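Topology and contacts: notes
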Amino acid sequence: MHKQLNPVYRLNQFDLMRRKILDISCLHCKSRVHTIFKGSNIEEEEELNRVKSCSLYKKGQYIFTENAYPLGLYCINQGKVKLATMGNNGKEQILRLSKDGDILGYRSLLSEERYHCSAIAMEDCSICFVPKDMLFKMLHENSKISIELLKLLASNLRQAEEQIISMAQKNVRERVAEALLFFKATYGLDSESNALNINFNREEIADFVGTSTESAIRLLAEFNNDGIIKLEGKKIIIVDLKKLIKTADLFS
């Protein structure tokens, strides 16, 4: 009798067949200056370029899945990715948002644990994969890369602590306003429309904030009526930044 494949494995195999392999050079990568590899020398860049592989992930496609074993590091060349886990109630909880130059899966790789969440493309993304052995070799030989990784770990720990405090001490209205400000800080604004440079559906906003979709819809409508934001389909245009900051109860 054949052993039934784990759903995670089946998903990875299916995604693998759909991926388009890309030819992206580390030597000419515009996002490299934002990664932990910015302190690498030319020899390390050339070796990294030889061993890494790059793929196109379509919107909604999984880069890696919760409970799978990490085999290397993922580096976003271009695109937006959400890190999310599924609660016992079947509701998704977004833990972190990533963009060009961010790396994915490093915590589980360093701790030699399974992934505690899934990484999902929020739009078409080009992402490079660095094998575990290559990463550890660079960390061992180049202290600049190790320090950059330590800085990243410390920064993510601070963000996690701030999110815990926000969830514990702020009401849903304040958290939704704070989330919009976080989206702005992470992805910026469209230069022409002044809209957030990411199109979230209402369920994703609710998943990030930790509330129901109905509450997120209601509060966004209230912000719209109060002249804080303007809603145009999935687009969210920030109209009154100062009022949004005040609503989020920041810097009070």
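Notes on the structure follow. (Residues numbered from 1 in each chain as written. Predicted model: local features only at pLDDT ≥ 70, side-chain atom pairs only at ≥ 80, totals over all residues. Heavy atoms only, no water.)

In this section: the packing of helix H4 (residues 132-141) against helix H5 (residues 143-169). Following both chains from N to C, one finds H4 and H5 inclined at 105°, their axes separated by 5 Å at the closest point. Taken together, the axes of H4 and H5 are roughly perpendicular relative to one another. Facing Met138, Leu139 and Glu141 of H4, the residues of H5 in contact are Ser143, Ile145, Ser146 and Leu149. Among the residues making up the contact of H4 with H5, the classes are represented as 4 nonpolar, 2 polar and 1 charged. (Axes fitted to C-alpha atoms, helices over the stretch in contact; angles between N-to-C directions. Helix = DSSP H or I, 4+ residues; strand = E, 2+ residues; numbered from the N terminus. Parallel < 35°, antiparallel > 145°, perpendicular 65-115°, else oblique. Contact = heavy atoms within 4.5 Å. Nonpolar A, V, L, I, M, F, W, Y, C, P; charged D, E, K, R; others polar.)

This part covers the state of the cysteines. Throughout this description, disulfide means a covalent bond between two cysteine sulfur atoms. For the structure shown, the criterion picks out 1 disulfide. The closest cysteine sulfur to the non-disulfide-bonded Cys117 is located on Cys125, 15 Å from its own sulfur. A relative accessible area of 4% means that Cys117 is categorised as buried. No disulfide involves Cys125; its sulfur sits 12 Å from the nearest other cysteine sulfur, which is in Cys128. (Disulfide = S-S within 2.5 Å. Buried < 20%, exposed > 50% of the residue type's maximum accessible area, 1.4 Å probe, protein only.)

What follows covers the pattern of salt bridges. Enumeration over the complete set of coordinates arrives at 15 salt bridges. Between Arg173 and Glu222 there is a salt bridge whose closest N-O contact spans 2.9 Å. One end of the pair, Arg173, is in helix H6 (residues 172-187); the other, Glu222, is in helix H8 (residues 213-225), with 49 residues separating them in the sequence. Glu222 gets classed as partly exposed once you look at its relative accessible area, which sits at 28%. (Salt bridge = Lys/Arg side-chain N within 4 Å of Asp/Glu carboxyl O.)

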